[in-house]
Amino acid sequence: MTRQHSPAGQLDRRQLLKLGAGLGAASFFSAANLQAKTIATRARIVILGGGAGGMAMANRLSQRLDGASITIVEPRERHHYQPGWTLVASGVWNPERTVRANTDFLPRRVDWTRTPAVGIDAEQHRVTLADASTLDYDILIVATGLQLNYHLIDGMSPELVGDHGIGSVYASLEAATRTRDAIDAWIAGGGGQGLFTTPPTAIKCAGAPIKMAFTTLSRIKAVERRDAFAMDYFTPSDGMFSQPWISDFLKQRFDREGITRHHGQHLSAIDPGARQAEFTLRDGSTEVRDFDFIHVVPPMSAPDFVKASDLIAKQGPFAGEWLDVDIHTLQHNRYPEVFGIGDVIGAPINKTGASVKAQAPVVEANLVAHLQDQPPSARHDGYTSCPLITDIGKAMLVEFGYDNDLAFLPSFSFIDPKEESWAAWVLKDYLLQPAYYAMLEGRI
Ligand SMILES: Cc1cc2nc3c(=O)[nH]c(=O)nc-3n(C[C@H](O)[C@H](O)[C@H](O)COP(=O)(O)OP(=O)(O)OC[C@H]3O[C@@H](n4cnc5c(N)ncnc54)[C@H](O)[C@@H]3O)c2cc1C
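Parameters and conventions
- Residues numbered from 1 in each chain as written.
- Predicted model: local features only at pLDDT ≥ 70, side-chain atom pairs only at ≥ 80, totals over all residues.
- Heavy atoms only, no water.
- Core = buried A, V, L, I, M, F, W, Y, C linked by side-chain atoms within 4.5 Å.
- Buried < 20%, exposed > 50% of the residue type's maximum accessible area, 1.4 Å probe, protein only.
- Helix = DSSP H or I, 4+ residues; strand = E, 2+ residues; numbered from the N terminus.
- Domains from an automatic or database assignment.
- Contact = heavy atoms within 4.5 Å.
- Pairing = 2+ DSSP bridges.
- Axes fitted to C-alpha atoms, helices over the stretch in contact; angles between N-to-C directions.
- Parallel < 35°, antiparallel > 145°, perpendicular 65-115°, else oblique.
- Nonpolar A, V, L, I, M, F, W, Y, C, P; charged D, E, K, R; others polar.
- Phe/Tyr/Trp six-rings, centres within 6.5 Å; stacked < 30°, edge-to-face > 60°.
- 1 Å grid on protein atoms, 1.4 Å probe; cavity = no way out; pocket = protein on both sides within 12 Å on 5 of 7 lines; lining within 4 Å.
- Points joined across faces, edges and corners; volume = space filled by probe spheres on them.
- Near = heavy atom within 4 Å.
- Polar contact = N/O pair within 3.5 Å; in protein donor to acceptor, adjacent residues only side chain to side chain.
- Areas by Shrake-Rupley, 256 points an atom, 1.4 Å probe, with all protein chains shown as cover.
- Buried area = accessible area lost by both parts, 1.4 Å probe.
- Salt bridge = Lys/Arg side-chain N within 4 Å of Asp/Glu carboxyl O.

Colleague: Whenever I open this one, the nonpolar core confuses me. Can you help?
Modeller: Within soluble globular proteins, side chains that are nonpolar tend to cluster in buried spots. Core analysis: the biggest nonpolar cluster contains 139 residues, and Ile45, Leu140 and Leu250 have the highest contact counts within it. In terms of residues, this core owes the most to one element, helix α9 (residues 422-440), which gives 13 residues. Of the domains in this structure, domain 1 (35-146 + 302-382) and domain 2 (150-299) are the two that each give at least three residues to this core. Other than its neighbours up to four places away in sequence, Leu140 contacts Val46, Leu48, Ile120, Val127, Leu311, Glu337, Val338 and Phe339.

Structure below.
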């Protein structure tokens with residue numbers, strides 16, 4: 001059975017062509033840096049992780065470097081289009097739409113090791129794999145993504161998702177699907193209390209917890225029993241989002257929709273059987289709340305084996321938690337033969353596929369410069385974007401970078417980044433996935 005009921009399904013061919021023509025000129029799809037000269041090298045390059053960042057780098061480097069030995073370490077057979085998971089959990093997409101085989105993307109000249117990495121010896125330039133074998137490198141790219149630390153919420157584990165009214169879009173595709181079912185069950189129950197949480201750490205796609213609240217609200221309104229459902233949103237910070245104008249917009253929208261905001265609180269424990277959640281406040285006190293449905297977003301960090309290595313940040317805001325790279329050049333701050341891309345890096349914003357798209361050409365250029373004994377000259381400006389779903393059928397294409405939120409010209413002239421629009425929804429529902437796959441293939 002197909003569950004798709006997207007309003008974008010009403011798009012006629014003429015409208016899609018018009019939108020596509022606009023997109024052709026947009027920077028999001030631009031094919032920057034692809035004319036660059038091929039470099040002859042015998043360097044041994046190891047890429048840890050074959051997700052968005054690792055796969056994009058494997059393709060870019062296999063096109064750019066002639067004679068290099070490139071090994072990618074990726075335990076999964078299948079590539080997951082994670083930005084589609086919010087649409088799966090909202091009942092808009094079929095789960096299968098988010099999965100492809102890694103072999104669809106992996107370049108022929110790259111060796112693929114399926115045994116996961118368990119250690120990095122940065123002094124010896126050596127990676128250890130789970131079967132105790134080792135890989136020596138001249139250049140290392142850390143693209144492992146991040147680790148979901150459900151265990152830091154007492155009583156919580158990803159296996160609980162789908163039972164006891166617990167949802168969590170982040171855990172996996174299966175969990176996103178079970179989250180959809182848990183929301184279905186809550187709505188079918190006719191009413192009750194829903195809790196939506198965010199953790200006290202950086203997270204990937206900071207908009208996803210908000211999207212889950214808005215799409216659930218949409219579905220509740222669709223059954224015309226809004227008054228029977230209470231919705232509460234919990235965030236450890238004073239704002240709702242890193243960018244002040246988005247934060248203000250969201251506060252107003254939540255208040256208007258009757259979603260109660262709780263600031264300075266995070267989920268610290270859960271009792272699934274009793275359907276109770278404990279929240280810790282800034283002063284260390286706790287409050288226990290009943291729920292019929294809860295959307296759990298776990299604390300996140302670099303994977304444990306990266307944390308245990310010398311590559312982890314030793315001081316500053318990312319100490320002990322995230323990879324220590326220069327946020328502009330993406331080169332390691334202490335080991336110049338190491339580069340980072342994607343969710344694993346310590347950066348103030350930036351854990352999105354859109355950031356990976358902006359980072360990949362920078363890593364490529366600075367890695368090539370390093371091979372040629374040149375200083376890194378390419379700079380990442382922190383570009384990130386989030387198609388912030390505000391309703392099923394409506395979104396805002398929010399774009400910003402390290403310096404401020406409006407330093408960028410919007411990628412799409414016909415989408416006002418401060419307005420909700422159907423066009424931004426169409427972008428999310430139809431057009432970003434092909435762009436993402438083109439990024440994996442190193443084509444944009
Ligand atoms: C629910 C959700 C919604 C999102 N929505 C959006 C969105 O709308 N827009 C957007 O731009 N981004 C979105 N994102 C974020 C986006 O998916 C990530 O930012 C992006 O995938 C990061 O790429 P990455 O390569 O760093 O990590 P990943 O793509 O997660 O890849 C990491 C890879 O490393 C591998 N790995 C892990 N440990 C090891 C190990 N020990 N050894 C070897 N390999 C290992 C993993 O198997 C994985 O394949 C969303 C994410 C989620 C979860």
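Additional details are given in the paragraphs that follow.
Colleague: What's the story with the sheet that holds strand β8 (residues 117-121) in this structure? I'm lost.
Modeller: Each strand in a sheet pairs with its neighbour through backbone hydrogen bonds, running either in the same direction (parallel) or in the opposite one (antiparallel). If you trace the three strands from one edge of the open sheet to the other, you get β8-β9-β10, paired in antiparallel fashion. Only two strands of the sheet have a single neighbouring strand rather than two, namely β8 and β10 (134-136). Adjacent strand axes in the sheet meet at a mean angle of 20°, parallel and antiparallel pairs treated alike. Where strand β9 (residues 126-129) lies against β10, three bridges are found, and the strand directions are antiparallel. Residue pairing across strands places Arg126 opposite Asp136, the latter belonging to β10.

Colleague: Where do I start with the packing of helix α2 (residues 52-64) against α9 in this structure?
Modeller: Any two packed helices are characterised by how steeply their axes cross, that is the angle between the axes, and by the distance between the axes. Direction vectors running N to C along α2 and α9 enclose 55°, while the axes themselves pass 7 Å from each other. With respect to α9, the axis of α2 lies oblique. Between α2 and α9, the contacting residues are Ala52, Met55, Ala56 and Asn59 on the first element and Tyr436, Met439 and Leu440 on the second. Split into classes, the residues belonging to the contact of α2 with α9 amount to six nonpolar, one polar and no charged.

Colleague: I would appreciate a short explanation of the pairing of strand β19 (residues 286-290) in the present structure.
Modeller: Every other side chain in a regular strand lies on the same face of the sheet, so the side chains alternate between the two faces. The pairing of strand β18 (residues 276-281) with β19 spans five bridges and is classified as antiparallel. What sits directly across from Ala277, in β19, is Arg289.

Colleague: Where do I start with the packing of aromatic side chains in this structure?
Modeller: By convention here, two paired aromatic rings are described through the distance between centres and the angle between planes. This structure, assessed with the given rule, holds 12 aromatic pairs. Residues Tyr81 and Tyr436 carry aromatic rings whose centres are separated by 4.9 Å and whose planes lie at 70° to one another, so their mutual orientation is edge-to-face. With a gap of 355 residues between them, Tyr81 in the loop between β5 (78-80) and α3 (85-89) and Tyr436 in helix α9 connect regions that are remote in the sequence. You can call Tyr81 buried: its relative accessible area is 2%. Relative to Tyr437, the ring of Tyr436 lies with its centre 5.8 Å away and its plane at 70°, an arrangement referred to as edge-to-face. Note on Tyr436: relative accessible area 9%, which makes it buried. The class of Tyr437 is buried, set by a relative accessible area of 9%.

Colleague: Sorry, what's going on with empty space enclosed by the protein here?
Modeller: Rolled over the atoms, a probe sized like a water molecule indicates the empty space that remains. Per the stated rule, a full pass over the model turns up one cavity of 30 Å³ or more. Estimates place the volume of the largest cavity at around 40 Å³. As for the largest cavity, its lining consists of Ile153, Thr197, Thr198, Pro199, Pro200, Leu267, Val297 and Pro299. A class-by-class count of the residues in the lining of the largest cavity yields six nonpolar, two polar and no charged.

Colleague: Could you clarify how one ought to interpret the site of the ligand in this entry?
Modeller: The environment of the ligand is formed by 31 residues, the closest being Gly53, Glu74, Asp343, Gly353 and Ala354. In this structure, an oxygen atom belonging to the ligand sits 2.9 Å away from a side-chain N or O atom of Gln82. The contact in question runs from an oxygen atom of the ligand to an N or O atom on the side chain of Lys428, over 3.0 Å. Within the complex, 92% of the 1000 Å² of free accessible area of the ligand lies under protein. Elements with a minimum of two residues in the shell around the ligand: α2 and α8 (353-371). For the shell around the ligand, the leading source of residues is α8, giving three residues. The residue makeup of the shell around the ligand, split by class, is 15 nonpolar, nine polar and seven charged. When residues of the shell around the ligand are assigned to domains, at least three fall in each of domain 1 (35-146 + 302-382) and domain 2 (150-299).

Colleague: Explanation requested: the side chain of Ser247 in the structure shown.
Modeller: Within the fold, Ser247 resides in helix α6 (residues 244-257). Residues within four places of Ser247 in sequence aside, it is in contact with Gly239, Met240 and Phe241.

Colleague: It is not clear to me how the domain arrangement of the chain should be interpreted in this structure. Could you clarify?
Modeller: Frequently, the measure chosen for interface size is the accessible area removed from exposure when the parts meet. When cut into domains, the chain gives domain 1 (35-146 + 302-382) and domain 2 (150-299). Distance between the C-alpha centres of domain 1 and domain 2: 31 Å. Listed by partner, the interface residues are 18 residues for domain 1 and 21 residues for domain 2. For the pair domain 1 and domain 2, the two sides together bury roughly 1400 Å², of which 67% comes from carbon and sulfur. Of all residues in domain 1, the largest losses of buried area upon contact with domain 2 belong to Trp85, Thr86 and Ala89, amounting jointly to 36% of the total for that side. Between the two partners, domain 1 and domain 2, sit zero salt bridges. Looking at the side of domain 1 that touches domain 2, the elements that each hand over two or more residues are β5 and α3. For the side of domain 1 that touches domain 2, the element with the most residues is α3, which contributes four residues. Its residues assigned to classes, the side of domain 1 that touches domain 2 shows eight nonpolar, seven polar and three charged.

Colleague: Teacher, can you tell me more about the sheet that holds β19 here?
Modeller: Sheet architecture is open: three strands sit in the order β17-β18-β19, paired in antiparallel fashion. The open sheet has two free edges, formed respectively by β17 (265-271) and β19, since each of these has just one partner strand. Each neighbouring strand pair of the sheet contributes to a mean axis angle of 30°, computed without reference to strand direction.

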